[in-house]
Amino acid sequence: MIFKVCTDTAEFFKILPKDWQDGIVPFWEHYKETTKCYALLDNNQIIAGGLVFSICPPDMLYAEAEANTWLHKGYQYLGFIFVIEERRQQNLGSLWLSELKAMHPKQNYWLTIEDLKLDAFYVKNGFQHKKCLYNNGVEEGLYVFEAT
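Described in the following lines is the structure provided in the data block.

Rules used in this analysis
Residues numbered from 1 in each chain as written. Predicted model: local features only at pLDDT ≥ 70, side-chain atom pairs only at ≥ 80, totals over all residues. Heavy atoms only, no water. Helix = DSSP H or I, 4+ residues; strand = E, 2+ residues; numbered from the N terminus. Rg over C-alpha atoms; globule rule 2.2 N^0.38 Å. Buried < 20%, exposed > 50% of the residue type's maximum accessible area, 1.4 Å probe, protein only. Pairing = 2+ DSSP bridges. Right-handed = clockwise from strand over helix to strand, strands pointing away. Disulfide = S-S within 2.5 Å.

Looking now at the overall build of the protein. A tally of helices and strands in the protein yields six helices and seven strands. Secondary structure of the protein in N-to-C order comes out as β-α-α-α-β-β-α-β-α-β-α-β-β. Computed over its C-alpha atoms, the radius of gyration of the protein comes to 14 Å, within 12% of the 15 Å expected for a compact globule of 148 residues. Along the three orthogonal principal directions, the C-alpha set of the protein runs to about 40 × 35 × 30 Å. The proportion of buried residues among the 148 residues of the protein is 45%.

Next comes the structure, spelled out in structure tokens:
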């Protein structure tokens, strides 16, 4: 298994669900210079990946002031973290996060989750719940990881 910066983002976007693709692909031209894609590959095939944003991502524009607060503190936003369906339950999401943190050991990160059942996953991976945000009445949890 290989963890690396993914320069062929079109290949990463192909593994995402359609609604996730709709949330990033139309905006990618604006973000590609300030965002990195990291992927886990097995036999040269992307099986998991995610994006690391240094500016407010398109899915956070509803809370742009909150996003900019974290970004100005030096935190980078993690978004579109995804593991292909047939490779789930193999700790690949945790592996992706561990590899990213190992590659950038002094970097702090933040993210939001809509599926609050993912709380235990992110807490297990060193993230702390900081607050709740509301996007059109839907509660999202805001989590941060602080490098030690």
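Anyway, onward from the coordinates.
Once that is clear, we can look at the pairing of strand β4 (residues 76-83). The element β4 is largely enclosed, with a buried count of seven among its eight residues. For strand β3 (residues 45-53) and β4, the ladder comprises five bridges, and the chain directions are antiparallel. Bridge assignment links V52 to a residue of β4, and that residue is L78. Direction of pairing for β4 relative to strand β5 (residues 109-113): parallel, over a ladder of two bridges. Bridging from a neighbouring strand, Y77 pairs with W110 of β5. Between β4 and its parallel partner β5, the chain crosses via helix α5 (residues 92-103), and the hand of that crossover is right-handed.

Moving on to the state of the cysteines. Evaluated as defined, the whole model comprises zero disulfides. With no disulfide of its own, C6 lies 4.1 Å from the sulfur of C37, the closest cysteine sulfur. Taking the relative accessible area as the measure of exposure, C6 reaches 10% and is therefore buried. The thiol sulfur of C132 is not disulfide-bonded, and the nearest other cysteine sulfur, from C56, lies at 18 Å.

By themselves these figures say nothing about function.
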